[in-house]
Amino acid sequence: LYDSRVPTTWIRVSWSAPNMGVWFADVVRRYEQLNEWLTHDRPSKYWLTGFFNPQGFLTSVRQEVCRAHAKDGWSLDEMETKTEVQRQEKHEIDRPPSEGVYIYGLYLEGCSWDKTK
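Parameters and conventions
- Residues numbered from 1 in each chain as written.
- Predicted model: local features only at pLDDT ≥ 70, side-chain atom pairs only at ≥ 80, totals over all residues.
- Heavy atoms only, no water.
- Buried < 20%, exposed > 50% of the residue type's maximum accessible area, 1.4 Å probe, protein only.
- Phe/Tyr/Trp six-rings, centres within 6.5 Å; stacked < 30°, edge-to-face > 60°.
- Helix = DSSP H or I, 4+ residues; strand = E, 2+ residues; numbered from the N terminus.
- Lys NZ or Arg CZ within 6 Å of the ring centre and 35° of its normal.

Student: When you look at unusual backbone geometry in this model, what are you seeing that I'm missing?
Tutor: Glycine aside, residues mostly have negative phi angles, and peptide bonds mostly take the trans form. One non-glycine residue with positive phi stands out, namely S4, at about 60°. On the basis of relative accessibility, which here comes to 34%, the residue S4 falls in the partly exposed class.

Student: When you look at the packing of aromatic side chains in this model, what are you seeing that I'm missing?
Tutor: The relative placement of two aromatic rings is captured by the distance of their centres and the angle of their planes. Within this structure, the stated rule accounts for 8 aromatic pairs. Measuring from ring centre to ring centre gives 6.3 Å for W37 and F51, while their planes differ by 75°; the resulting arrangement is edge-to-face. One end of the pair, W37, is in helix α2 (residues 20–39); the other, F51, is in the loop between β1 (46–47) and α3 (54–68), and 14 residues separate them in sequence. Given the relative accessible area of 28%, W37 is considered partly exposed. Judged by its relative accessible area of 12%, F51 is buried. The structure contains a cluster of three or more aromatic residues connected by ring pairs, namely W37, Y46, F51 and F57. The lysine or arginine in question, R29, covers the ring of W47, its NZ or CZ lying 3.8 Å from the ring centre.

Structure below.
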């Protein structure tokens, strides 16, 4: 914890962060997301980068959609993920989509996003 650095033993079982303050803030946000889900119900949107294994979360979403369409003969191996960028900000989304999930927390490197287009 010297110099506000995250210990390497912690990073081996979690994620890297530039300093202890950022790392601990992420721990609190992750706890809040999971606690909200546990104590209330499924959230209307998910902070994807808040999951330790986001790919596992997205796979579980695909499995859930596939099971909902089992009578139609859908196969998990043949499913494709569809991504749509929403015009709403995350605070404007108050209910989940009819199928799939809303996610936030993604970022672009070396470019920007024009919300007007």
